[in-house]
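# Reading the structure
Okay, here's what each chain looks like letter by letter:
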Amino acid sequence: MVTEKRIPLILIADDDPDDQLLIREAFEERCKNCQLCFVSNGVELMTLLKGESAQELPERCPVPDLILLDLNMPLKDGRQALTEIRSDPELSQLPTVILTTSKNDEDVNFCQSRGANDCIVKPNSYSELLAIVESLKTYWENNNREPTPESDNND
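Let us look at the structure shown here. What you are looking at is a predicted structure, and each value in this text was computed from that prediction instead of being measured.

Definitions and limits used
Residues numbered from 1 in each chain as written. Predicted model: local features only at pLDDT ≥ 70, side-chain atom pairs only at ≥ 80, totals over all residues. Heavy atoms only, no water. Helix = DSSP H or I, 4+ residues; strand = E, 2+ residues; numbered from the N terminus. Buried < 20%, exposed > 50% of the residue type's maximum accessible area, 1.4 Å probe, protein only. Contact = heavy atoms within 4.5 Å. Areas by Shrake-Rupley, 256 points an atom, 1.4 Å probe, with all protein chains shown as cover. Pairing = 2+ DSSP bridges. Axes fitted to C-alpha atoms, helices over the stretch in contact; angles between N-to-C directions. Salt bridge = Lys/Arg side-chain N within 4 Å of Asp/Glu carboxyl O. Core = buried A, V, L, I, M, F, W, Y, C linked by side-chain atoms within 4.5 Å. Parallel < 35°, antiparallel > 145°, perpendicular 65-115°, else oblique. Left-handed = near helix turned anticlockwise from the far one by under 90°. Nonpolar A, V, L, I, M, F, W, Y, C, P; charged D, E, K, R; others polar. Lys, Arg positive; Asp, Glu negative; His and termini not counted. Polar contact = N/O pair within 3.5 Å; in protein donor to acceptor, adjacent residues only side chain to side chain.

Our focus in this paragraph is the overall build of the chain. A count of helices and strands for the chain gives six helices and five strands. Shown N-terminal to C-terminal, the secondary structure of the chain runs as helices and strands in the order β-α-β-α-β-α-β-α-β-α-α. Looking at the chain as a whole, 44% of its 155 residues are labelled buried. Of the contacts formed within the chain by residues at least 6 apart in sequence, a portion of 65% connects residues at least 24 apart. When the accessible surface of the chain is summed, it comes to about 8900 Å², and 46% of that surface belongs to carbon and sulfur atoms.

The next subject is the sheet that holds strand E2 (residues 35-39). Here we have five strands laid out as an open sheet, ordered E2-E1-E3-E4-E5, and parallel in their pairing. With partners counted over all chains shown, the strands left at the sheet margins are E2 and strand E5 (118-121), one partner each. The mean inter-strand angle of the sheet, taken between neighbouring strand axes irrespective of direction, is 20 degrees. By the bridge criterion, five bridges tie strand E1 (residues 9-13) to E2 in an arrangement that is parallel. Bridging from a neighbouring strand, Ala13 pairs with Val39 of E2. Relative to E2, helix H1 (residues 17-30) is tilted by about 175 degrees, and along the sheet it contacts E1, E2, strand E3 (66-69) and strand E4 (96-100).

Let's shift gears to the pattern of salt bridges. Pairs can form between side chains of opposite charge once their charged atoms are near each other. Overall, the coordinates contain nine salt bridges when judged by the stated rule. For Asp14, the salt bridge is made with Lys122, and the minimal N-O distance between the two is 2.6 Å. Here Lys122 lies in the loop between E5 and helix H5 (126-143) and Asp14 lies in the loop between E1 and H1, a separation of 108 residues in the sequence. A salt bridge links Arg30 to Glu29; its shortest N-O distance comes to 3.8 Å. Members of the salt-bridge network, linked through shared partners, are Asp14, Asp19, Asp70 and Lys122.

Judged by nonpolar contacts, the single largest core of 20 residues is most densely connected at Leu11, Leu45, Leu49, Ile67 and Leu69. Ranked by residues supplied to this core, first place goes to helix H2 (residues 42-49) with four residues. Setting aside its immediate chain neighbours within four residues, Leu69 contacts Ala13, Leu45, Gly78, Ala81, Leu82, Thr96, Val97, Ile98 and Leu99. Membership of the second largest hydrophobic core comes to 19 residues, among which are Cys31, Phe38, Leu66 and Leu99.

This brings us to the side chain of Asp107. Within the secondary structure, Asp107 sits in helix H4 (residues 105-113). Dropping the residues within four chain positions of it, Asp107 is found in contact with Leu71, Arg79 and Ser102.

One can describe the packing of H2 onto helix H3 (residues 78-87) by two numbers: an axis separation of 9 Å at closest approach and a directional angle of 20 degrees. Considered as vectors, H2 and H3 are oriented roughly parallel to each other. For the pair H2 and H3, the sense of crossing is right-handed. Where H2 approaches H3, its residues Leu45, Met46 and Leu49 are matched on the opposing element by Ala81, Glu84 and Ile85. Its residues assigned to classes, the contact of H2 with H3 comprises five nonpolar, no polar and one charged.

A separate point is the side chain of Arg86. With respect to the helices, strands and loops of the structure, Arg86 is situated in helix H3. Here Arg86 is buried and forms no salt bridge, its nearest opposite-charge partner Asp88 lying at an N-O distance of 10 Å. For Arg86, the side chain forms a polar contact with the main-chain oxygen of Gly115, separated by 2.9 Å. Sequence-distant contacts of Arg86, that is, excluding residues within four places in its chain, are made with Leu91, Ser92, Gln93, Leu94, Pro95, Thr96, Arg114, Gly115, Ala116 and Asn117.

Written out as structure tokens, the structure reads:
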């Protein structure tokens, strides 16, 4: 029996408008049904995740299924935001993937030690970005299917 798939909501924290545009285009090409929500810094990210109202937010968006987090942002960087996410019992289990320009081993080690699900260096080409989006989509599809009636009865 075919199972229904949930549409993933992806919250992207990145301050670079060009990167935001490329990410949006890549998702539109490889994951048309993905819902995207963008914030430009760690303060906006945490305000949104904690459900606090703030007029500067670009849009309201519910709790995401995945966070794509840049490390180098103004006001509160991705390192601070990751630490805050992982230390909050209500947010600590949110899948969080670091998507950054940093190739620094210290940054990778920091992200891994703070519980990031993955740390990906931003690609140099659009085709590589498409491959990243495709892999995120495939992972989502393989791990987040709604239960079928048969699987509900197999207790």
